[in-house]
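A look at the structure
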Amino acid sequence: MIICCGEALIDMLPRQTESGESAFAPHAGGAVFNTAVALGRLGTSVQFFSGLSSDLFGDILRDQLAHSNVDSSPAAVSDRPTTLAFVTLTDGHASYAFYDENTAGRMLSLDDLPETNANALFFGGISLVVEPCGATYEAFMLREAQTRVTMIDPNIRPGFITDETNYRARLARMLGAADIIKTSDEDLEWITGNTDAQALLQQTGAKVVLLTRGSEGVTVVTATDSFDVPAQKATVVDTVGAGDTFSAGFLAEMDKRGLLTKQSLSSATVEDLTAATAFGARVAAVTVSRAGANPPWANEL
């Protein structure tokens, strides 16, 4: 069992009505939400922990989780509103306006922390930036990291960060507790000022660092090895959710191989990590070949 911990929100995507009026269409989203959905569709036993609303947008999120075989019972459900992200496009470039004050996801507190029997926990996304939910996810990770495998994908969104000092301090603590760190080259440069994955491994004590480099593939670093796994060829429609579904594919294959315990992860071989990374790249390649964060089902692979 893997439990994914982080944001779920509604992306309000720009559309045009038949009469030519501008409109927005609601679509379920959020980085950690996407990872949970991808894991469920791949057939991995997965739960989702977040703050979810009882409003109509919360219904959309819960319905997609259930449809994708994700157990959302650990989530804290309240009558606070769902976080909304309105997307506008200018010359093909997306910008976002977040409506997140006093939402069900934002107001997640320490009192909402669940007990878990999961083998592994996954964290990341913009949910680590704001309070009180950021402190809640951090506390959950630090509470469980001594006995369970933890993975983090910071998924940096600089425009969403209002208190950079506190956010960097939180990231340092969570990266220091993680067994597996997945980061893009852009994110790593924001965090450390360079793209040296080996240095990140040494600084944090992680067992595995996965450095994604877009079409150039993934660099895998452990205490004893460093090697590259090529990206899968794909006709790119958009890259929404690519990193989220890569993480899901990696975790799914590691779980299939019985490597998501503290002891077994330490003994994972280059062959194991290569296979898991390649599977993550394969899953991500399907996602980028179609519009939006729409992870593949196992039978599509």
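Preceding this paragraph is the structure being described.
Please read all numbers here as calculations on a predicted model, not as lab measurements.

A short note on the nonpolar core
The tendency in soluble globular proteins is for nonpolar side chains to be buried as a group. Residues Cys 4, Phe 48, Leu 210 and Met 254 are the most contacted members of the largest nonpolar core, which totals 48 residues. If near-sequence neighbours (up to four positions away) are discounted, Leu 210 is found in contact with Met 151, Ile 180, Ile 181, Lys 182, Thr 183, Val 218, Thr 219, Val 220, Phe 246, Phe 250 and Thr 277. By size, the runner-up hydrophobic cluster in this structure holds 39 residues, among which are Leu 9, Tyr 167, Ala 197 and Leu 211.

Regarding the packing of aromatic side chains
Evaluation of the coordinates by the stated rule reveals 8 aromatic pairs. Geometrically, the ring pair formed by Phe 24 and Phe 86 is edge-to-face, given 5.1 Å between the ring centres and 80 degrees between the ring planes. With Phe 24 in strand S3 (residues 22-29) and Phe 86 in strand S7 (residues 84-90), the pair connects residues that are 62 residues apart, well separated along the chain. Assessed through its relative accessible area of 24%, Phe 86 is described here as partly exposed.

Re the pattern of salt bridges
Close approach of charged atoms allows side chains of opposite charge to pair. Going through the model one piece at a time under the given rule, you end up with 17 salt bridges. Across the salt bridge formed by Arg 106 and Glu 101, the nearest N and O atoms sit 3.4 Å from each other. Looking at Glu 101, the relative accessible area reads 57%, which means it is exposed. Between Glu 144 and Arg 148 there is a salt bridge whose closest N-O contact spans 2.6 Å. Linked by salt bridges that have partners in common, Glu 131, Glu 138, Arg 170 and Arg 173 make up one network.

Things to note about helix H1 (residues 31-41)
Summarising burial for H1: 11 of the 11 residues are buried, a large majority. As for H1, its buried residues are in contact with strand S1 (2-5), S3, strand S4 (46-49), helix H2 (56-67), strand S9 (120-124) and helix H7 (242-256). After H1 finishes, the residue Gly 43 shows a positive phi value of roughly 95 degrees.

With respect to the sheet that holds S1
Spatially, S4-S1-S9-S10-S11-S12-S13-S14 is the arrangement adopted by the 8 strands of the open sheet, whose pairing is mixed. This sheet does not close on itself; its edge strands, each paired only once, are S4 and strand S14 (226-229). Across this sheet, the average inter-strand angle for adjacent strands is 20 degrees, counted without regard to direction. Relative to S9, S1 runs parallel, the two being bridged by 4 bridges. Across the sheet, the residue bridging to Ile 3 is Leu 121, located in S9. Seen against the sheet, helix H3 (residues 133-144) touches S1, S4, S9 and strand S10 (149-153) and runs at an angle of roughly 150 degrees to S9.

Observations regarding the side chain of Ser 53
Along the chain, the position of Ser 53 falls in strand S5 (residues 51-53). For Ser 53, a relative accessible area of 1% puts it in the buried group. Looking at Ser 53, its side chain comes within polar contact range of the main-chain nitrogen of Asp 55, at 2.9 Å. With residues near it in sequence (within four places) discarded, Ser 53 still touches Gly 58, Asp 59, Arg 62, Val 77, Ser 78, Asp 79, Arg 80, Pro 81, Thr 82 and Ala 104.

A closer look at the side chain of Thr 287
By secondary structure assignment, the location of Thr 287 is in helix H9 (residues 270-288). Within the local environment of Thr 287, its side chain forms a polar contact with the side chain of Thr 245, the two groups lying 3.2 Å apart.

Looking at the environment of Pro 296
Locating Pro 296 in the fold gives a position in the segment after H9. Along the chain, Pro 296 and Gly 30 lie 266 residues apart, while their C-alpha atoms are 17 Å from each other.

So, unusual backbone geometry
Note that the residue after Glu 131, namely Pro 132, is joined by a cis bond; omega there is 0 degrees. Here Pro 132 is to be found in the loop between S9 and H3. Of note, the phi angle at Asn 69 is positive, near 65 degrees, even though the residue is not glycine. Inspection of the secondary structure puts Asn 69 in the loop between H2 and strand S6 (76-78). Residues other than glycine seldom take positive phi values, yet Asn 155 does so here, at roughly 50 degrees. Relative to the helices and strands, Asn 155 is located in the loop between S10 and helix H4 (164-177).

Parameters and conventions
Residues numbered from 1 in each chain as written. Predicted model: local features only at pLDDT ≥ 70, side-chain atom pairs only at ≥ 80, totals over all residues. Heavy atoms only, no water. Core = buried A, V, L, I, M, F, W, Y, C linked by side-chain atoms within 4.5 Å. Buried < 20%, exposed > 50% of the residue type's maximum accessible area, 1.4 Å probe, protein only. Contact = heavy atoms within 4.5 Å. Phe/Tyr/Trp six-rings, centres within 6.5 Å; stacked < 30°, edge-to-face > 60°. Helix = DSSP H or I, 4+ residues; strand = E, 2+ residues; numbered from the N terminus. Salt bridge = Lys/Arg side-chain N within 4 Å of Asp/Glu carboxyl O. Pairing = 2+ DSSP bridges. Axes fitted to C-alpha atoms, helices over the stretch in contact; angles between N-to-C directions. Polar contact = N/O pair within 3.5 Å; in protein donor to acceptor, adjacent residues only side chain to side chain.

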